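Structural characterization, general
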Amino acid sequence: MATGTERQGTDRAAFGGVSRLRGVVFRYVTFAASLFGILSLAVLLGYVFWDAFGLETAAPAWYATMVVTVVLPVAGFLLYARRNPLAGRTALELAATATGGVLSGFALVVVLEVIAGPGLWFAYFLAMGVPLGALYLYGRRVEASWTGLAVLGVLVAGPVVGTALLGPLSRIGGFLGGPGVYYLSVIAPTALVARHVVDEYLDGPNGNYVALATLVAPILAAPAIDTVAVLSRSVWLLFFPTLVVPFSIVAGRNLATPGRRVGVAGPLAFALGVGLLAVVPDLLGVAGPSPWFDWQYVTSAPSQTAEQAGLYPAIIGSIFMIVLVALLTLVLGVGAALYLEEYAPSSGPAGAVTQFIRINISNLAGVPSVVYGILGLAVFANTLQFGFGTVATAAFTLSLLILPIVIISAREAIRSVPDSLREASYGMGATRWQTIKNVIMPRAIPGILTGTILALGRAIGETAPLIMIGVATTKFSPPSGLFGKMTAMPMQVFTWSSYPSEAFQHGVVAAGVVTLLVVLLTMNSVAILLRNEFERGDY
Amino acid sequence: MTDDKTKTASRRSFLTTAGAVGAAGLAGCTEESGNSNGESGGSEGTDTSTELSGAINITGSSTVFPLATAVAEQFRADNPEVEISVQSTGSGGGFENFFCPGESDINNASRPIKDGEQENCTDNDVVPHEVVVATDALTVVINNENDWATEMTVEELEQVWGPDASADQTWADVNDQWPDEEIERFGAAETSGTFDYFTETIMGEEGAHTQDYEPTETDRTIVQGVQGSPYAIGYFGFAYFFQNPDQVTAVAIDDGDGAVKPSLETASSGEYTPLSRPLFTYPNEARLSEEHIAEFMRYFIEQSTNEKVVAEQVGYVPRSDEQAQQELDDLNAAIEEMG
């Protein structure tokens, strides 16, 4: 702006004056637009959480206890962390490791222990995991060009061999028992990874000792674990690599660095506070909240009695389905996107066909989900005989539903890799395959993962196509296998929402929504962790 | 697996079966369509033992759905190896898409099977066996502030809901004692058995219904609509009203012999006419040769007299002991026939 009032006057006269009002109004309109969705969702989620955790029944004294034991210590630490950012970062790192560990531990238990089962998992681990791991380790030591092709061979032949030899291989697993299988297939690789991580990125402890500790600690802790009723040895062995090992390494490193030590106090105070909050009100006889969303809810079958109702079969069904959908869409979606962006001809008659396909994929993303339901019914349930309402039918149908979105976002991610990088790679004499593998994919993966996870979030909440393919509304046991009947969380929650009693309307349904959100957030956080891992990578 | 705690034991035993069935599935057994062929194979081997296993697929009416899930829940408590899935598809949708093509073992209906459906089933060699499992009473409800229409004759209902009811019909058009305010109607969607039943009994012709109303499959929506206006009227199954008697007022229906309020007693005694109806379930007779399905149907009929389940939990009218015994004898005869 001009400094002299006189000159401003002449400007106005010359240009007719510029009002700032429009700009200010526009700014606040955009501000309101960005708040609108967030606020309405926040209000809704507030209600849902209030219901799901039964906060209404908690006495004021309980809230007072909560403020004293949890809110005040955490707030105090946050204030301190503003002045000491290093402590804040340490606390964040610890909290993220703990939360991520718990969530991925649950995910691992559901996928390996509940859905696959130790026998099945071990059969495929022997057929695929062991050869792949061996090839990887060999490839790191010896420079050999055949390992890459061998990996591809294992990826193709592994599932076939595993399926063909399923009987004998899973009998080996049965002989070892669940804990034995997990010790060999999960703990042992973890020890190797831990050794590698400690040796590469941390100075101080010797990786061999860490690996040894990883191998010995779960066995030594077994007697203590046996005394905890809800924690079986298998579950312990699956939580060990996701929660205990990473947390120990992170905590150990932070404790070893003097400047970061104080940061451990924050999470410690929070954990202590929550522990106190669980104990103190009981001792004082203060009424706490009566949550609908609790352990019983996530581990029992649906019921006509609200107090006994649970979401277990639907949770397992949804996760089983979404794991398959994730595998299918990643392979098919990224494959299609790579072909369309990197290989497909872009000129001539063939180019026109490519262009036609590209436009149509974009259009497919907008097709209503019911239409995909009919498609799934016709193709997978009827023609291919996958069965009505089975996990396989549901997974393939939902994969078709989200494939266009995955392909589009993967294409965008691949296209956003600058051409200069491609040209530089070609200029160095790299083949197209080498360019894709070493230059394009590493940079595109974060974008691909973001797009895929958003699409998976849509798939897990989808109901209309599931109704079309005959997925059960209520089921009392999880799906019995790939071709077993299933039910999904949104189906069950929707059914409950039409139950007449207040307890269902305001308790069970709310708890179902919270469960759905927790599963969704787990998926997202695992994806974000993976993405950050790739973004941080130095290629 | 020596680490099993009692709490996780049943889940663990599921795992072994899950592994085995998953293995069979992965082994390329794609012909197994999820019901009779593959999974019931397990039951043949266990005929001699008391432990039943196998899968039961139930489809059909959303009205019978809560009753079927309540019974299935209890049945599974005694037979944890039986895998039951219940799908709410509507009576007609269940017959058309699942039961007659042989996809489901049992189809629920809130009305007797239609001739067309019977033919459709016979064409596919599916023989439905009719079982009455409870009595449902439809309730006509009005807003709690409505003090004029607490008793209505069938003719008055016909005027309000019939196909000739005009969009701007007022309460005074039906009865000149009533206020001159427009009627707001909330009723069942055309796909539901409740719609068929209501139109057939009140209008005397299936599907004859005013277009000027708010159609829904959800009872709760109807209650919310009726609560929203003193001039609103709606109808739905008895279950919802039984559990929430204070939210709206039930209309006493006069079928010529004085107005009768809907209740468990008046419905089971047959006093509450014409809006009480039997609810059906149709097992596929061929599937009754499978022990776990036959046993489930016997259990279903036994439970249909259970006041705690049928009336308190679900809100329908239980059957009498004699009626249930008759159904049981018929069922056993059908099972024996299948041999």
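Residues numbered from 1 in each chain as written. Chains lettered and ligands numbered in written order. Predicted model: local features only at pLDDT ≥ 70, side-chain atom pairs only at ≥ 80, totals over all residues. Heavy atoms only, no water.

1. A few points about the state of the cysteines
Residues and elements named next belong to chain B. In total, this model carries one disulfide over all chains according to the counting rule given. Note on cysteine connectivity: Cys100 is disulfide-linked to Cys121, with sulfurs 2.0 Å apart. One disulfide, between Cys100 and Cys121, carries an S-S torsion of -60 degrees and so falls in the left-handed class. In this pair, Cys100 is assigned in the loop between helix 4 (91-99) and strand 3 (106-109) and Cys121 in helix 5 (residues 115-123), connecting sequence segments 21 residues apart. The burial state of Cys100 is the same as that of Cys121; both residues are buried. (Disulfide = S-S within 2.5 Å. Helix = DSSP H or I, 4+ residues; strand = E, 2+ residues; numbered from the N terminus. Buried < 20%, exposed > 50% of the residue type's maximum accessible area, 1.4 Å probe, protein only.)

2. As for the sheet that holds strand 11 (residues 259-260) of chain B
All names here are of chain B. As summarised here, the arrangement of the three strands in space is 5-10-11, forming an open sheet in which the pairing is mixed. Across the chains shown, the open sheet's two edge strands, defined by having one partner strand only, are strand 5 (151-153) and strand 11. Sheet analysis places strand 5 next to strand 10 (residues 252-254), joined by three bridges and oriented parallel. Bridged to Thr153 within strand 10 is Asp254. (Pairing = 2+ DSSP bridges.)

3. Re the packing of helix 5 (residues 118-141) of chain A against helix 7 (residues 166-201) of chain A
Residue and element names in this part refer to chain A. At a minimum axis distance of 7 Å, the contact between helix 5 and helix 7 shows a crossing angle of 40 degrees. Our classification of the angle between helix 5 and helix 7 gives oblique. Crossing of helix 5 against helix 7: the hand is left-handed. Looking at side-chain class alone, the contact of helix 5 with helix 7 contains 18 nonpolar, six polar and one charged residues. (Axes fitted to C-alpha atoms, helices over the stretch in contact; angles between N-to-C directions. Parallel < 35°, antiparallel > 145°, perpendicular 65-115°, else oblique. Left-handed = near helix turned anticlockwise from the far one by under 90°. Nonpolar A, V, L, I, M, F, W, Y, C, P; charged D, E, K, R; others polar.)

4. Some remarks on the nonpolar core
Within the largest apolar cluster, 98 residues are counted, with the highest numbers of intra-cluster contacts made by Leu466 and Trp496 of chain A together with Leu67, Ile84 and Phe296 of chain B. In terms of residues, this core owes the most to one element, helix 12 (residues 312-343) of chain A, which gives 10 residues. When residues no more than four places from it in sequence are discounted, the contact partners of Ile84 of chain B are Thr474, Lys475 and Phe476 of chain A together with Ile56, Ile58, Ala72, Phe75, Arg76 and Phe296 of chain B. Counting residues in each nonpolar core, the second largest holds 46 residues, with Trp148, Phe198, Tyr235 and Leu264 of chain B among its members. (Core = buried A, V, L, I, M, F, W, Y, C linked by side-chain atoms within 4.5 Å. Contact = heavy atoms within 4.5 Å.)

5. Focus: unusual backbone geometry
Glycine aside, the phi torsion of most residues is negative, and most peptide linkages are trans. The backbone of Gln385 of chain A sits at a positive phi, close to 60 degrees, despite the residue not being glycine. Residue position: Gln385 of chain A is located in the loop between helix 14 (369-383) and helix 15 (391-415). Assessed through its relative accessible area of 37%, Gln385 of chain A is described here as partly exposed. Residues other than glycine seldom take positive phi values, yet Asp125 of chain B does so here, at roughly 60 degrees. Mapped onto the secondary structure, Asp125 of chain B falls in the loop between helix 5 and strand 4 (131-142).

6. As for the domain arrangement of chain B
Residue and element names in this part refer to chain B. Examined at the domain level, chain B breaks down into domain 1 (53-135 + 278-338) and domain 2 (136-277). The straight-line distance from the C-alpha centre of domain 1 to that of domain 2 is 28 Å. With 17 residues of domain 1 at the interface, the matching set in domain 2 holds 16 residues. Taken over both partners, the interface formed by domain 1 and domain 2 buries close to 1,200 Å², and the fraction arising from carbon and sulfur atoms is 56%. Of all residues in domain 1, Thr135, Gly315 and Val317 give up the largest surface area on contact with domain 2, accounting jointly for 32% of the area buried on that side. (Domains from an automatic or database assignment. Buried area = accessible area lost by both parts, 1.4 Å probe.)

7. Quick look at the packing of aromatic side chains
Throughout the structure, instances matching the rule amount to 30 aromatic pairs over all chains. Seen in terms of ring centroids, Trp121 of chain A and Phe125 of chain A are 5.6 Å apart; in terms of plane orientation they differ by 40 degrees. Their pairing is tilted. Of this pair, Trp121 of chain A and Phe125 of chain A are both found in helix 5, four residues apart, which corresponds to roughly one turn of the helix. Measuring from ring centre to ring centre gives 5.8 Å for Phe95 of chain B and Phe99 of chain B, while their planes differ by 80 degrees; the resulting arrangement is edge-to-face. Of this pair, Phe95 of chain B and Phe99 of chain B are both found in helix 4, four residues apart, which corresponds to roughly one turn of the helix. The buried category is assigned to Phe99 of chain B, whose relative accessible area is 0%. Clustering of aromatic rings is evident, with ring pairs tying together Phe380, Phe386, Phe396 and Phe483 of chain A. (Phe/Tyr/Trp six-rings, centres within 6.5 Å; stacked < 30°, edge-to-face > 60°.)

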